[in-house]
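Letter by letter, the chains look like this.
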Amino acid sequence: MGLFSKELAIDLGTANTVVYVRGRGVVVREPTIIALDHNKRVVAVGNEAKSMAGRTPFEIDVVRPIKDGVINDFETTEALLDYFISKAGGKRGIFRPIVLIGVPSGVTPVEKKAVIDAAIHVGARQAYVIPEPLAAAIGAGLPIEEARGSMIVDIGGGTTEVAVISLKGIVVGKSTRIAGDEMNEAIINYIRRQYSILIGDVTAEQIKMRIGSAFPLDKDEKMEIRGRDLIDGLPKSITITSEEIRKALQPILEEILNVIKSTLEITPPELASDVMDRGIMLSGGGALLKNIDKFLTHRTGILFTVAEDPLSSVALGAGKVIENFDYYKDAISS
């Protein structure tokens, strides 16, 4: 890594972006959202854009350019990266930054190249990518360099990444586009079916975080929500319970569980034995769902543990790679 250039590690997630600066740690953590006017000019990015969601006039669109962990809109993603790199201080002075970006393990070479090109186009001197589950495992403190199996389940907004890692590499892994966004959609659909009320993504996310759970809570929780009555079109308030939301989320949780099981089924016996002994680490925003570790432990018989800072695991891991580039260089690609 260049001595005089800034080095940044970026978790460019479907829902949130986290930026790590070498020597400083995590400096930016904002939603991966951008607001554009009808001429495609940037109106707002990140937190400010998220606050506009569902409240903008017709000439302003609030969009999420990353879908299922990959670039859905190249130009808009460039604008996002430009904002986040600039906010992290990566474009100050004459030296262009070196950037390391986490990508889903299942991305195609074309999707990987799109991420690298976007970073180069907004001023990066060099750009590299690292598989998100590998970065998450490093960030969560798993001993990936050992000749023993470590297993990570990274539940993001757009993808769930499952991997068994040994000797700094992914031995077996699976990626599914079932994750946090699908949880929100499941809540929206449940409220629509049960109450004939339409709610938006922001409300669904709030419900998930406040009273959502994967396994029964010690005490059932309630929450008052507002939405549009689909029968008369008027605003309406209802009270929902954590038990209802758990029921709504169950199909999504079952799909995530199936991916974990199918990954274990193809894991070499020696590494599978290590995983049984060591347990499995959970990271990503989805790991913040209440009692998801208890649900997975109950269903598999293997101990699941939530990372200390699950939202930052990928960025922290990628940051550790840029801090120790020579040690981890085999884990990245350009």
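Residues numbered from 1 in each chain as written. Predicted model: local features only at pLDDT ≥ 70, side-chain atom pairs only at ≥ 80, totals over all residues. Heavy atoms only, no water.

**Looking at the domain arrangement of the protein chain**
Step number 1: As far as domains go, the protein chain holds domain 1 (7-134 + 313-327), domain 2 (144-178 + 250-308) and domain 3 (180-248).
Step number 2: Centre-to-centre separation of domain 1 and domain 2, based on C-alpha positions: 25 Å.
Step number 3: Taken residue by residue, the interface counts 16 residues in domain 1 and 16 residues in domain 2.
Step number 4: If you sort the residues of domain 1 by the area they bury against domain 2, Asp68, Pro133 and Leu134 come out on top, with a joint share of 44%.
Step number 5: There are two residue pairs in polar contact (both at pLDDT 80 or more) connecting domain 1 and domain 2.
Step number 6: Within the residue set of the side of domain 1 that touches domain 2, elements represented by two or more residues are α4 (132-139) and α10 (313-323). (Domains from an automatic or database assignment. Contact = heavy atoms within 4.5 Å. Buried area = accessible area lost by both parts, 1.4 Å probe. Polar contact = N/O pair within 3.5 Å; in protein donor to acceptor, adjacent residues only side chain to side chain. Helix = DSSP H or I, 4+ residues; strand = E, 2+ residues; numbered from the N terminus.)

**Focus on the pattern of salt bridges**
Step number 1: This structure, assessed with the given rule, holds 13 salt bridges.
Step number 2: Ionic pairing is found between Glu205 and Lys208, a salt bridge with its closest N-O pair at 3.3 Å. With Glu205 and Lys208 both in helix α6 (residues 201-211) and three residues apart, this pair spans about one turn of that helix.
Step number 3: A relative accessible area of 9% means that Lys208 is categorised as buried.
Step number 4: Salt-bridge contacts for Arg226 lead to Glu224; the nearest nitrogen and oxygen are separated by 3.9 Å.
Step number 5: Among the ionic contacts, a cluster of salt bridges with common partners joins Glu7, Arg22 and Glu323. (Salt bridge = Lys/Arg side-chain N within 4 Å of Asp/Glu carboxyl O. Buried < 20%, exposed > 50% of the residue type's maximum accessible area, 1.4 Å probe, protein only.)

**Things to note about helix α9 (residues 292-300)**
Step number 1: All of the buried residues along α9 are Ile292, Phe295 and Leu296. Along the long axis of α9, the arc covered by the buried residues comes to 90°, so they all point the same way.
Step number 2: Buried residues belonging to α9 abut β11 (150-155), α7 (242-265), β17 (280-283) and β18 (304-306).
Step number 3: Just downstream of α9 lies Gly301, where phi reads positive at about 80°. (Arc of directions from axis to C-beta.)

**Overview of the packing of helix α5 (residues 180-195) against α6**
Step number 1: It is the contact of α5 with α6, at a shortest axis distance of 9 Å, that shows an interaxial angle of 100°. As the angle between them shows, α5 and α6 are arranged roughly perpendicular. On the side of α5, the interface is formed by Gly180, Met183, Asn184, Ile187 and Ile188, while α6 contributes Asp201, Ala204, Glu205, Ile207 and Lys208.
Step number 2: Of the residues contributing to the contact of α5 with α6, the split by class is five nonpolar, two polar and three charged. (Axes fitted to C-alpha atoms, helices over the stretch in contact; angles between N-to-C directions. Parallel < 35°, antiparallel > 145°, perpendicular 65-115°, else oblique. Nonpolar A, V, L, I, M, F, W, Y, C, P; charged D, E, K, R; others polar.)

**A look at unusual backbone geometry**
What you tend to see is this: most non-glycine residues have negative phi, and most peptide bonds are trans.
Step number 1: Positive phi outside glycine occurs at Lys40, with the angle close to 65°.
Step number 2: Topologically, Lys40 is positioned in the loop between β4 (34-37) and β5 (42-45).
Step number 3: Residue Leu167 is not a glycine yet carries a positive backbone phi of 50°.
Step number 4: As for its position among the elements, Leu167 is in the loop between β12 (160-166) and β13 (169-176).
Step number 5: For Leu167, a relative accessible area of 57% puts it in the exposed group.

**Describing a nonpolar patch on the surface**
Step number 1: Among the surface-exposed residues, Met209, Leu288 and Leu311 lie close enough to one another that they form a single nonpolar patch of about 220 Å² accessible area.
Step number 2: Relative to the helices and strands, Met209 resides in helix α6. (Patch = residues over 30% accessible without salt bridge, like charges linked within 9 Å, V, L, I, M, F, W, Y side chains within 5 Å. Areas by Shrake-Rupley, 256 points an atom, 1.4 Å probe, with all protein chains shown as cover.)

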